[in-house]
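# Coordinates in review
Listed here are the chains, written in short residue letters.
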Amino acid sequence: MGSKQPRPAGIDRRQFITGASAVAALVVTGCSGDDGGGGAGSAGTGSSTTASASNQTSTTLHSAKLAADPFTLGVASGDPLPDSVILWTRLAPDALAVDGRGGMPADAESVDVVWEVAADDRFTQIVTSGVFTAEARHGHSVHVDASGLKPGTDHHYRFRVGEWQSPVGRARTLPDGSAERLRLAVANCQMLETGAYAAYRHMAGEDLDLVLHLGDYIYEYPGVPGARPSLPETMVVSLADYRLRYASYHLDPDLQAAHARFPFVVTWDDHEVANNYMGDSVPGTGGSPQEQLDRKAAAYQAWWENLPVRIDPPEGPALAVHRSFTVGDLARLHVLDERQHSEVPPCRPDPESTIDFGDCEAREGEDRTRLGADQEAWLEGSLAEGGVTWNLVGNPVVLAGVDSGAADGDAAYYLEVWDGFPQARNRLIEQMAGSSNPVVLTGDYHQGMVLDVHRTPFDTSSEVVAPEFMAPPISSVLFGQDVSPRTPHLREQLNSHGYLSVEVTPDRLTASFQVVADVADAASAVTTASTWTVDAGDPVTRRA
Ligand SMILES: [Fe+2]
């Protein structure tokens, strides 16, 4: 929560006057003729464009005071580069207002937000600052591209609107050139309604360069009354619904603490839109294709508004989310979108679904895309770019193959993961085989796992191309099936909540499973269940 403060402590007076003269107090512009810039730089292929933090003023200004702290949703940073990072907040004095507008005044079409980045957490050494215009059409979200920063350095940031001061966040830029170490946590599947965020509380105490979030940041199901309630109480379908659901999640103090501590790099899975959605097929939305596209567009907009991403705002049901991050000469992180461009898998009839799975037998052998042609071509180039020791693949759904059938029964594959896309999977494995030290980081399955990605999935006589580490869910319900009888390349399975800690050095990658003793308890103990290592030059994982 922000604090009420007439003038921020520790801020140099000249700096304060600069900010104050730019915006008076809180400036609400009634005109909507400007396009405002609004978002951050484009990043569809991992490149950054310059900040669009706006210093514009309007000719039709009027000032208004917000009656309550607008920083209830906390602060966050994301998509770090060596010289810049995205700084995020979303103005919401009444976070759970049912219209999804966060309690912002109806006439607040645009609101100027002062932002500051300092070398110290008392803000005595301001590095850069400016004014960003948060717009109602973007849910009063703030995406500042703070540039001109030093590589591999901790920076502190905060926002101010009128008399209201945000909490202070910390963001570390990526190193440039020779890099000796990268530390990250891998998170996913954080259903607020089914568990507390002890995993995030523990994570916030680590020393990390970034958090990779592989999706299911929210769930779209009707809110569950009880210890962990969320709004709306109905299925999440409209933009107002999605905004309200993100607000429910962002109010959690442990999630806020992790966001304030580390830059996040996020992609999405299905529940950011709807369970098992693929491409333009959005189950549970009604029969009309247009209704499904409208829901997808609303979900994409709310996702963009609520996360610190270096991506331009969406226009309708399309958003380029795949991107890469280069960590000096040490590693490149390739972040994938495995939902938006995917074709639907065959043979998974679901009476609740509006997806037409087609003729199962006829479709079994067809070549289905998971990434779409553009993303697949981009990934091929990104993996082949070189200049780094490690290639980390942020891959939302399991790649190596998982057969959850019983030992004496038939094979049982979830075709929504890569098992439903065998030809596309083979292409991805071949691309990885040509890259330097590929390592797959996965989520979605509500289990922790270590798997070997073989050149031919399930054929353990074929070479190991990469290790795959599946991060356990932060709080979503565990699936709990033992998949070991029919998954011979499984090295470990953990039926636990938590997250994965990863340390990368030039010689070795170390992955540790941090597991939560009691997911219902925000104060639960979190301990290291197991640690695995991979040496550069050898893709076979070893238990430490
Ligand atoms: Fe999930």
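Residues numbered from 1 in each chain as written. Predicted model: local features only at pLDDT ≥ 70, side-chain atom pairs only at ≥ 80, totals over all residues. Heavy atoms only, no water.

Another aspect to go through is the sheet that holds strand 19 (residues 448–454). Overall, mixed pairing links the seven strands, which are arranged 15-16-17-18-20-19-21 in an open sheet. Each edge of the open sheet is held by one strand with a lone partner, namely strand 15 (323–327) and strand 21 (490–494). The mean inter-strand angle of the sheet, taken between neighbouring strand axes irrespective of direction, is 20°. Relative to strand 20 (residues 464–470), strand 18 (residues 438–442) runs parallel, the two sharing three bridges. Paired with T442 across the two strands is M470, which belongs to strand 20. Where helix 8 (residues 422–433) meets the sheet, its contacts fall on strand 17 (390–395), strand 18, strand 19 and strand 20, and the angle it forms with strand 20 comes to roughly 110°. (Pairing = 2+ DSSP bridges. Helix = DSSP H or I, 4+ residues; strand = E, 2+ residues; numbered from the N terminus. Axes fitted to C-alpha atoms, helices over the stretch in contact; angles between N-to-C directions. Contact = heavy atoms within 4.5 Å.)

We now examine the pairing of strand 12 (residues 182–187). The element strand 12 is extensively covered by neighbouring structure, given that five of its six residues are classed as buried. Alignment of strand 12 against strand 22 (residues 498–504), held across five bridges, turns out to be antiparallel. What sits directly across from L182, in strand 22, is V504. As paired strands, strand 12 and strand 13 (residues 210–213) are joined by four bridges and run parallel to one another. If you follow A185 over to strand 13, its bridge partner there is V211. (Buried < 20%, exposed > 50% of the residue type's maximum accessible area, 1.4 Å probe, protein only.)

Time to look at the pairing of strand 5 (residues 85–90). Of all six residues in strand 5, six are buried, a share of seventy percent or more. Burial along strand 5 is two-sided: V85, L87 and T89 and I86, W88 and R90, pointing in opposite directions, are all buried. Pairing geometry for strand 4 (residues 76–78) and strand 5, over three bridges, is antiparallel. Bridging across to strand 5, A76 finds its partner in W88. Linking strand 4 to strand 5, which pair antiparallel, is a turn of six residues; within it D79 sits at a positive phi near 45°. Where strand 5 lies against strand 8 (residues 141–146), six bridges are found, and the strand directions are antiparallel. Counterpart to W88 in the pairing with strand 8 is H143.

Here we take up the coordination of the iron ion. Each protein donor to the iron ion is listed here as C189 (SG), D216 (OD), Y219 (OH) and H446 (NE2); together their distances run 2.1 to 2.4 Å. Each of the four donor atoms bound to the iron ion contributes to angles spanning 88 to 168°, and the resulting shape is irregular. (Donors = N, O, S within 2.8 Å, 3.2 Å for Na, K, Ca; no water. Tetrahedral: all angles 85-135°; square planar, octahedral: opposite > 155°, others 65-115°.)

What follows concerns the pattern of salt bridges. Enumeration according to the criterion identifies 30 salt bridges in this entry. As a salt-bridge pair, R243 and E305 come within 2.7 Å of each other at their nearest N and O atoms. With R243 in helix 3 (residues 239–250) and E305 in helix 5 (residues 289–306), this pair connects stretches of sequence that are 62 residues apart. Overall, the relative accessible area of 9% leaves R243 in the buried class. In this structure, R427 engages D367 in a salt bridge whose closest nitrogen and oxygen atoms are separated by 3.1 Å. On the criterion of sequence distance, the pair formed by R427 in helix 8 and D367 in the loop between helix 6 (360–363) and helix 7 (373–384) is long-range, its members being 60 residues apart. Relative accessible area serves as the criterion here: at 29%, R427 is assigned to the partly exposed category. D367 sits in the partly exposed class, given a relative accessible area of 45%. Within this structure, D154, R170, R172, R181, R183, D207, D209 and E503 form a network of salt bridges that share partners. (Salt bridge = Lys/Arg side-chain N within 4 Å of Asp/Glu carboxyl O.)

Glancing now at the environment of D112. Note on placement: D112 falls in strand 6 (residues 110–118). Sequence separation between D112 and F132 is 20 residues, and the spatial gap between their C-alpha atoms is 5.6 Å.

Here we take up helix 3. When the terminal C-alpha atoms of helix 3 are compared, their 16 Å separation across twelve residues agrees well with the 16 Å that a helix rising 1.5 Å per residue should span. Within helix 3, ten of the twelve residues are buried, which leaves it mostly tucked inside the rest of the structure. In this structure, the buried side of helix 3 is in contact with strand 5, helix 4 (253–261) and helix 5. (Expected span 1.5 Å × (residues − 1).)

All right, on to the environment of A522 then. Looking at the secondary structure, you find A522 in the loop between strand 23 (508–516) and strand 24 (526–535). Along the backbone, A522 and Y197 are 325 residues apart, and their C-alpha atoms lie at a distance of 5.6 Å.

Before going further, it helps to spend a moment on the packing of aromatic side chains. Per the stated rule, a full pass over the model turns up ten aromatic pairs. Judged by centre distance (4.6 Å) and plane angle (55°), the ring pair of W268 and W303 falls under tilted. In this pair, W268 is assigned in the loop between strand 14 (263–266) and helix 5 and W303 in helix 5, connecting sequence segments 35 residues apart. For W268, a relative accessible area of 1% gives the class buried. Classification of W303 as buried rests on a relative accessible area of 0%. Ring centres 5.7 Å apart and planes at 70° place the aromatic pair Y413 and F458 in the edge-to-face group. In this pair, Y413 is assigned in the loop between strand 17 and helix 8 and F458 in the loop between strand 19 and strand 20, connecting sequence segments 45 residues apart. F458 sits in the partly exposed class, given a relative accessible area of 22%. (Phe/Tyr/Trp six-rings, centres within 6.5 Å; stacked < 30°, edge-to-face > 60°.)

Count 3.6 residues to each turn of an α-helix, and residues three or four apart come out pointing the same way. Along helix 4, the residues that are buried comprise D254, L255, Q256, A258, H259 and A260. Contacts from the buried residues of helix 4 go to strand 4, strand 9 (154–161), strand 11 (169–172), helix 2 (198–203), helix 3 and strand 14. Two or three places before D254, at the start of helix 4, stands the capping residue D252, its side-chain oxygen 2.8 Å from that residue's backbone nitrogen. (Polar contact = N/O pair within 3.5 Å; in protein donor to acceptor, adjacent residues only side chain to side chain.)

Within the secondary structure, S84 sits in the loop between strand 4 and strand 5. For S84, the side chain forms a polar contact with the side chain of D145, separated by 3.4 Å. Of the polar contacts made by the side chain of S84, one reaches the side chain of R310; its length is 3.0 Å.

From the geometry alone we can't say anything about function, so treat these as descriptive.
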